[in-house]
Amino acid sequence: MKGQRKQIGIALAILVCAAALIAGGYLWISRPVSVSSMLPIAPDDISFCYVTLHALREEDVGDQSGTLTQEQTEELFRRLSTVEYRLDPPSLFFSASKMRITISPYAILSFSLEDGSFGELTLAGDLIRVTPPGSSGRSRLYVPDGGTPFQEEMVGYLQSCLPPT
């Protein structure tokens, strides 16, 4: 009887430790990070930033695209750095290529660094897809603290940077 209680106690202790490790891992993964943590580049390292706005609804202005100036790119990163981001944990295990688009228009920013590597940032609603340069196309999804309104504000800024169609 005493030996059986000891085995049950050991099993429970192992389960408690495993649960604590899982909870701690989740909290670590979903901790708030800055834009420089999720996209470790400096605006001065970007040789060009190409923006494409895609409209989903007919009442929105049609698709627009253009290249941002260095000043516009710096302002974009300044605006992106005003909030913190949390990694969407499922994107660690599943492809981030299938993200839900919840705003129209939504923006895809493609950028190239001085060393020739490419990256991408997609502002599409409640999540931001980040493909850092040199990541072999592996993207992650992040949740901005500002949510969808923050992304709509960012898309509005990008619209103001592009020439009218």
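Everything below is about the structure printed above this text.
Nothing here was measured: the structure is a model prediction, and the numbers come from that model.

1. Brief notes about helix H3 (residues 70-80)
Helical geometry: 3.6 residues make up each α-helical turn, so side chains three or four residues apart lie on a common side.
Thinking step 1. Among all positions of H3, only Gln72, Thr73, Leu76, Phe77 and Leu80 are buried. An end-on view of H3 places all buried positions within 135° of arc, on one side of the element.

2. Comments concerning the side chain of glutamine 72
Thinking step 1. With respect to the helices and strands, the residue glutamine 72 is situated in helix H3.
Thinking step 2. Within the structure, the side chain of glutamine 72 is placed 2.8 Å from the backbone nitrogen of threonine 69, a separation counted as a polar contact.
Thinking step 3. If we ignore the near neighbours within four places in the chain, the residues touching glutamine 72 are Thr67, Tyr157 and Cys161.

3. Quick notes on a negative patch on the surface
Thinking step 1. Negative charge collects at one region of the surface, where Asp44, Asp45, Glu71, Glu74, Glu114 and Asp115 lie side by side.
Thinking step 2. Summarising the element assignment, glutamate 114 is placed in the loop between strand S5 (106-113) and strand S6 (118-123).
Thinking step 3. Glutamate 114 gets classed as exposed once you look at its relative accessible area, which sits at 61%.

4. Overview of the packing of aromatic side chains
Any aromatic ring pair is given by two values, namely how distant the centres are and how the planes are angled relative to each other.
Thinking step 1. Evaluated as defined, the whole model comprises 2 aromatic pairs.
Thinking step 2. Look at phenylalanine 48 and phenylalanine 118: their rings are 6.5 Å apart centre to centre, the planes differ by 70°, and that puts the pair in the edge-to-face class. Pair noted here: phenylalanine 48 is in strand S2 (residues 46-54) and phenylalanine 118 is in strand S6, with a separation of 70 residues, a long-range link.
Thinking step 3. You can call phenylalanine 118 exposed: its relative accessible area is 54%.
Thinking step 4. A ring pair is formed by tyrosine 85 and phenylalanine 150, whose centres lie 6.4 Å apart and whose planes are at 65°; its orientation type is edge-to-face. Taken together, the positions of tyrosine 85 in strand S4 (residues 85-87) and phenylalanine 150 in helix H4 (residues 147-161) put the pair 65 residues apart, joining distant regions of the chain.
Thinking step 5. Residue phenylalanine 150 is classed as buried on the basis of its relative accessible area, which comes to 6%.

5. Points about the pairing of S5
One face of the sheet, then the other: side chains in a regular strand alternate in exactly this way.
Thinking step 1. Across the 8 residues that make up S5, a large majority, 7, are buried.
Thinking step 2. In this sheet, S5 lies alongside S2 in antiparallel orientation, the contact comprising 8 bridges. Bridge assignment links leucine 53 to a residue of S5, and that residue is alanine 107.
Thinking step 3. The pairing of S5 with S6 spans 6 bridges and is classified as antiparallel. Its bridge partner lying in S6, leucine 109 is registered against leucine 121.
Thinking step 4. Linking S5 back to S6 in an antiparallel pair, the connection comprises 4 residues, with glycine 116 at a positive phi of about 95°.

6. Quick word on H4
Thinking step 1. Taking 1.5 Å of rise per residue, 15 residues should cover 21 Å, and H4 covers 22 Å from first to last C-alpha, within 8% of that figure.
Thinking step 2. Those residues of H4 that fall on the buried side of the exposure criterion are Gly147, Phe150, Gln151, Met154, Val155, Tyr157, Leu158 and Cys161. Seen from one end, H4 has its buried residues packed into an arc of 155°, which puts them on one side. Exposed residues on H4 whose side chains face more than 90 degrees from its buried face are Pro149 and Ser160.

About the thresholds
- Residues numbered from 1 in each chain as written.
- Predicted model: local features only at pLDDT ≥ 70, side-chain atom pairs only at ≥ 80, totals over all residues.
- Heavy atoms only, no water.
- Buried < 20%, exposed > 50% of the residue type's maximum accessible area, 1.4 Å probe, protein only.
- Helix = DSSP H or I, 4+ residues; strand = E, 2+ residues; numbered from the N terminus.
- Arc of directions from axis to C-beta.
- Polar contact = N/O pair within 3.5 Å; in protein donor to acceptor, adjacent residues only side chain to side chain.
- Contact = heavy atoms within 4.5 Å.
- Patch = residues over 30% accessible without salt bridge, like charges linked within 9 Å, V, L, I, M, F, W, Y side chains within 5 Å.
- Areas by Shrake-Rupley, 256 points an atom, 1.4 Å probe, with all protein chains shown as cover.
- Salt bridge = Lys/Arg side-chain N within 4 Å of Asp/Glu carboxyl O.
- Lys, Arg positive; Asp, Glu negative; His and termini not counted.
- Charge placed at Lys NZ, Arg CZ, Asp CG, Glu CD.
- Phe/Tyr/Trp six-rings, centres within 6.5 Å; stacked < 30°, edge-to-face > 60°.
- Pairing = 2+ DSSP bridges.
- Expected span 1.5 Å × (residues − 1).

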